[in-house]
Amino acid sequence: MRPATAAARSCGLDILAALADATGTLPSSRIAAETGRDRGLTARAVGDLGRLGLVDGDATVGASLSWVLRAQAGRVVEQRLASRGQPALDELARACRESAYLVRREGSRSVTLVEALPDLPVHGGSWLGRSQPAIRSDAAPILLSDLDPASLAAILADRDVGPAQSGAPRTLAALERLIERAQVDGHCVLVDYVERGTMSIASGVWDFRGRLVGAIVVMGPRDRMRPREARLTRAVRTAADGLSRELGGRRPDGVGA
């Protein structure tokens with residue numbers, strides 16, 4: 001049962017929150033169990049929310065958030081990712097003295113949404129607004145973690161022209177091992193993955209719907225980062241978890257210690 005204030009219950013916000021967490025439709029009996037409401041009153045509230053255009057379906061067959069509301073929620077997440085992501089990356093780059101990026105997956109590609117580059121002689125260069133095959137992203141094991149084996153195989157084949165570096169997976173099994181390790185650890189550390197001599201540390205960002213919406217990455221020269229790996233990893237995870245909280249989300253149970 002999810003706690004809700006009287007005001008939230010009167011507006012049906014607890015029902016909308018339950019539907020936001022669901023992957024499909026929910027009948028009124030399930031919604032009532034999730035919110036602690038009376039089943040009859042729940043069905044009536046779902047009907048009222050449907051007439052307001054906030055819910056699709058009905059209490060008997062099953063209800064879900066309307067596509068309009070989901071689209072609006074998606075836009076809010078987009079805006080907050082950028083507005084809250086920039087100061088988070090600025091602070092991270094200053095603390096780590098390395099390049100910091102906020103990336104997300106769009107289909108089979110990875111896109112850089114926000115970046116912060118330290119004033120150093122050598123850094124990762126600007127990737128703002130640029131995309132590349134998701135398999136070549138420094139956050140690939142995290143960005144690809146919600147895909148099935150067939151989709152992973154297709155993305156692995158879209159690596160791009162050019163030889164793979166020593167740290168990059170060459171087979172589906174190797175890629176799946178990287179993903180499993182990232183899920184256990186709650187972050188990924190890649191060495192010589194995209195470019196020889198580089199190292200990256202990444203951790204996922206989740207929104208209020210429990211969806212992975214991106215990853216925060218710190219990247220720099222391997223020899224400069226490796227002695228500080230533990231401290232940098234804590235900093236990246238703290239930044240990613242903080243941005244998740246800004247979006248009303250958190251790292252899922254079972255992901256990371």
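The sections below set out a description of the structure shown in this document. Every value quoted in this text rests on a predicted model; they were computed, and no experiment measured them. (Residues numbered from 1 in each chain as written. Predicted model: local features only at pLDDT ≥ 70, side-chain atom pairs only at ≥ 80, totals over all residues. Heavy atoms only, no water.)

## Some remarks on the overall build of the protein
Each helix and strand counted, the protein has 10 helices and eight strands in total. Sorting the 257 residues of the protein into buried and exposed places 45% on the buried side. In the protein, of all internal contacts separated by at least 6 residues, the share reaching a separation of at least 24 is 58%. With an accessible surface of roughly 12,900 Å², the protein has 53% of that area assigned to carbon and sulfur atoms. (Helix = DSSP H or I, 4+ residues; strand = E, 2+ residues; numbered from the N terminus. Buried < 20%, exposed > 50% of the residue type's maximum accessible area, 1.4 Å probe, protein only. Contact = heavy atoms within 4.5 Å. Areas by Shrake-Rupley, 256 points an atom, 1.4 Å probe, with all protein chains shown as cover.)

## What to know about the pairing of strand β7 (residues 198-206)
Side chains on a regular strand alternate between the two faces of the sheet. Among the nine residues that make up β7, nine are buried, leaving the element largely enclosed by the rest of the structure. Two strands pair when backbone bridges link them, and strand β6 (residues 188-191) and β7 are joined in this way by four bridges, in the antiparallel orientation. Residue pairing across strands places L190 opposite S200, the latter belonging to β7. Here β6 folds back onto β7 in antiparallel fashion, the turn holding six residues, of which D192 has a positive phi close to 55°. As paired strands, β7 and strand β8 (residues 212-221) are joined by nine bridges and run antiparallel to one another. Note on β8: the bridge partner recorded for A202 is V217. (Pairing = 2+ DSSP bridges.)

## A few points about the environment of A116
Along the polypeptide, A116 turns up in strand β4 (residues 109-116). Spatially, the C-alpha atom of A116 lies 5.4 Å from that of D90, the residues being 26 residues apart in sequence. If we skip the residues at most four places from it in the chain, A116 touches Q86, L89, D90, A93, E98, S99 and A100.

## Some points on the packing of helix α3 (residues 28-35) against helix α4 (residues 39-51)
Two numbers describe how α3 lies on α4: the axes approach to 9 Å, and their chain directions differ by 110°. It follows from the interaxial angle that α3 and α4 lie roughly perpendicular. Mapping the contact onto sequence places S28, S29, I31 and A32 in α3 and R39, T42, A43 and V46 in α4. Here the contact of α3 with α4 is composed, by residue class, of four nonpolar, three polar and one charged. (Axes fitted to C-alpha atoms, helices over the stretch in contact; angles between N-to-C directions. Parallel < 35°, antiparallel > 145°, perpendicular 65-115°, else oblique. Nonpolar A, V, L, I, M, F, W, Y, C, P; charged D, E, K, R; others polar.)

## Concerning the nonpolar core
In this structure, V103, I135, A139, L144, L175 and Y193 are the most contacted members of the largest nonpolar core, which totals 24 residues. Elements that contribute at least two residues to this core include exactly β3 (99-106), α6 (140-143), α7 (149-157), α8 (172-185), β6 and β8. Among all residues touching V103, those that are not within four sequence positions of it are S110, V111, T112, S137, A139, L143, G214, A215 and V217. The next biggest cluster of nonpolar side chains, apart from the first, holds 23 residues, and it includes V77, V114, M199 and I216. (Core = buried A, V, L, I, M, F, W, Y, C linked by side-chain atoms within 4.5 Å.)

## A short note on the side chain of R228
You can see R228 is positioned in the loop between α9 (222-225) and α10 (229-246). Looking at R228, its side chain comes within polar contact range of the main-chain oxygen of R224, at 3.2 Å. In this structure R228 touches C96 and E98, once residues within four positions along its chain are discounted. (Polar contact = N/O pair within 3.5 Å; in protein donor to acceptor, adjacent residues only side chain to side chain.)

## Concerning the sheet that holds strand β5 (residues 131-133)
Hydrogen bonds along the backbone pair up the strands of a sheet, which may run parallel or antiparallel. Taken in spatial order, the six strands make up an open sheet running β5-β4-β3-β8-β7-β6, and their pairing is antiparallel. The outermost strands of the open sheet, each flanked by one partner alone, are β5 and β6. With direction set aside, neighbouring strand axes in the sheet form an average angle of 30°. Strand direction decides the pairing type here: β4 and β5, joined by three bridges, are antiparallel. The partner of S110 across the bridge, within β5, is Q132. In the packing of α10 onto the sheet, contacts are made with β3, β6, β7 and β8, and the angle to β7 comes to roughly 25°.

## Things to note about α8
Taking 1.5 Å per residue, 14 residues should reach 20 Å; α8 reaches 20 Å between its end C-alpha atoms and fits that length. Along α8, the residues classified as buried are A174, L175, I179 and A182. End-on, the buried residues of α8 take up no more than an arc of 140°, which puts them together on one face. Residues of α8 that are exposed and point more than 90 degrees away from the buried face comprise R177, R181 and V184. Buried residues belonging to α8 abut α6, α7 and β6. Once α8 finishes, G186 follows within two positions and takes phi at roughly 85°, a positive value. (Expected span 1.5 Å × (residues − 1). Arc of directions from axis to C-beta.)

## Considerations on unusual backbone geometry
Of note in the backbone geometry, R97 takes a positive phi value of approximately 60° without being a glycine. The residue R97 is located in the loop between α5 (67-96) and β3 in this model.

Take it as geometry only, folks, not as evidence of what the structure does.
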